[in-house]
Amino acid sequence: LPLYAIGALAAKTLPASWLHAVDGRRNKGRRYDARGGPEVFAVSLYGPLVSGLLVTLFYLFERRLGVSVRSAVTASALLGSTTYLATMSMYFLRHTTEALSILAGLYFLCLWKRSGRLQWLALGSGIASLTLLIRLPAVIAAPALIGYILWQFRGHTAEIGRPSRALIAAAVPAIAVLLA
């Protein structure tokens, strides 16, 4: 919706020559084979933007885990240029978004593990839970994500304080997503 709104605003403010440039391609019969406009053009940016976020988060996560800059750049470049998720993001919008939510959930859970801040735990739990709303078959990742959280609870709760606060921070966002 935000991208559509940007396209609608562009449709009202851009010069006619620019609007014609994003209106679609003409084929031999002077008919459009891909009719669009600024709204369609702006919404079509979703896949590349989410792919860029996925690659950026992948790089940041690698660095957080102690990977060298060279190796992190190489792996991130390979993710962005050779994987099915990134190269097909224009056609399968949910897959890239799903991968981003799972990776972001794990990233914030990793931040929680290292800092003990409950906000990271809640954010990680919430974002990982959003995967269910993005694509229902992604529920297959739930046991691994839940297992990761539970595994982190052993021996880590002493740094956080009472285990009940951490359980609430992990459970409330997940329950909110399930209710949605």
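Structure first, text after, so check above.
Residues numbered from 1 in each chain as written. Predicted model: local features only at pLDDT ≥ 70, side-chain atom pairs only at ≥ 80, totals over all residues. Heavy atoms only, no water.

Student: So what's going on with the overall build of the protein? Residues and values would help.
Tutor: Along the backbone of the protein there are 11 helices and 0 strands. A buried classification covers 36% of the 180 residues belonging to the protein. Split by element, the accessible area of the protein, about 11,200 Å² in all, is 68% carbon and sulfur. (Helix = DSSP H or I, 4+ residues; strand = E, 2+ residues; numbered from the N terminus. Buried < 20%, exposed > 50% of the residue type's maximum accessible area, 1.4 Å probe, protein only. Areas by Shrake-Rupley, 256 points an atom, 1.4 Å probe, with all protein chains shown as cover.)

Student: Hey, could you go over the packing of aromatic side chains for me, with residue numbers and the actual values?
Tutor: Within the structure shown, the criterion is met by 3 aromatic pairs. Taking 5.5 Å as the distance between ring centres and 75 degrees as the angle between the ring planes, the aromatic pair formed by Tyr107 and Phe108 counts as edge-to-face. Here Tyr107 matches Phe108 in class, with each residue buried. Measuring from centroid to centroid gives 5.5 Å for Phe108 and Trp120, while their planes differ by 10 degrees, and the two rings are stacked. Here Trp120 lies in helix 8 (residues 118-134) and Phe108 lies in helix 7 (residues 93-115), a separation of 12 residues in the sequence. (Phe/Tyr/Trp six-rings, centres within 6.5 Å; stacked < 30°, edge-to-face > 60°.)

Student: Help me get a handle on the nonpolar core, residues and values and all.
Tutor: In terms of nonpolar packing, the biggest core is built from 15 residues, with Leu54, Leu57, Tyr107 and Phe108 touching the most fellow members. Of all the secondary structure elements, the ones that give two or more residues to this core are helix 4 (46-64) and helix 7. The element that contributes the greatest number of residues to this core is helix 7, accounting for 8 residues. The residues contacting Leu57, other than those within four sequence positions of it, are Leu100, Leu103, Ala104 and Tyr107. Formed by 8 residues, the second largest nonpolar core is a distinct cluster that contains Leu109, Ala166, Ala169 and Ala170. (Core = buried A, V, L, I, M, F, W, Y, C linked by side-chain atoms within 4.5 Å. Contact = heavy atoms within 4.5 Å.)

Student: So what's going on with the side chain of Ser76? Which residues, and what values?
Tutor: Of note, Ser76 is situated in helix 5 (residues 69-82). Overall, the relative accessible area of 5% leaves Ser76 in the buried class. Discounting residues that sit within four places of it in the chain, Ser76 has contacts with Val55, Phe58, Tyr59 and Glu62.

Student: Requested: an account of the layout of surface pockets, with residues and values cited.
Tutor: The space that makes up the largest pocket amounts to roughly 400 Å³. Lining the largest pocket are 21 residues; nearest its centre among them are Ser125, Ser129, Ala142, Ile146 and Ala174. Contributing elements (two or more residues each) for the lining of the largest pocket: helix 8, helix 9 (142-153) and helix 11 (163-179). Taken together, the residues of the lining of the largest pocket sort by class into 18 nonpolar, 3 polar and no charged. (1 Å grid on protein atoms, 1.4 Å probe; cavity = no way out; pocket = protein on both sides within 12 Å on 5 of 7 lines; lining within 4 Å. Points joined across faces, edges and corners; volume = space filled by probe spheres on them. Nonpolar A, V, L, I, M, F, W, Y, C, P; charged D, E, K, R; others polar.)

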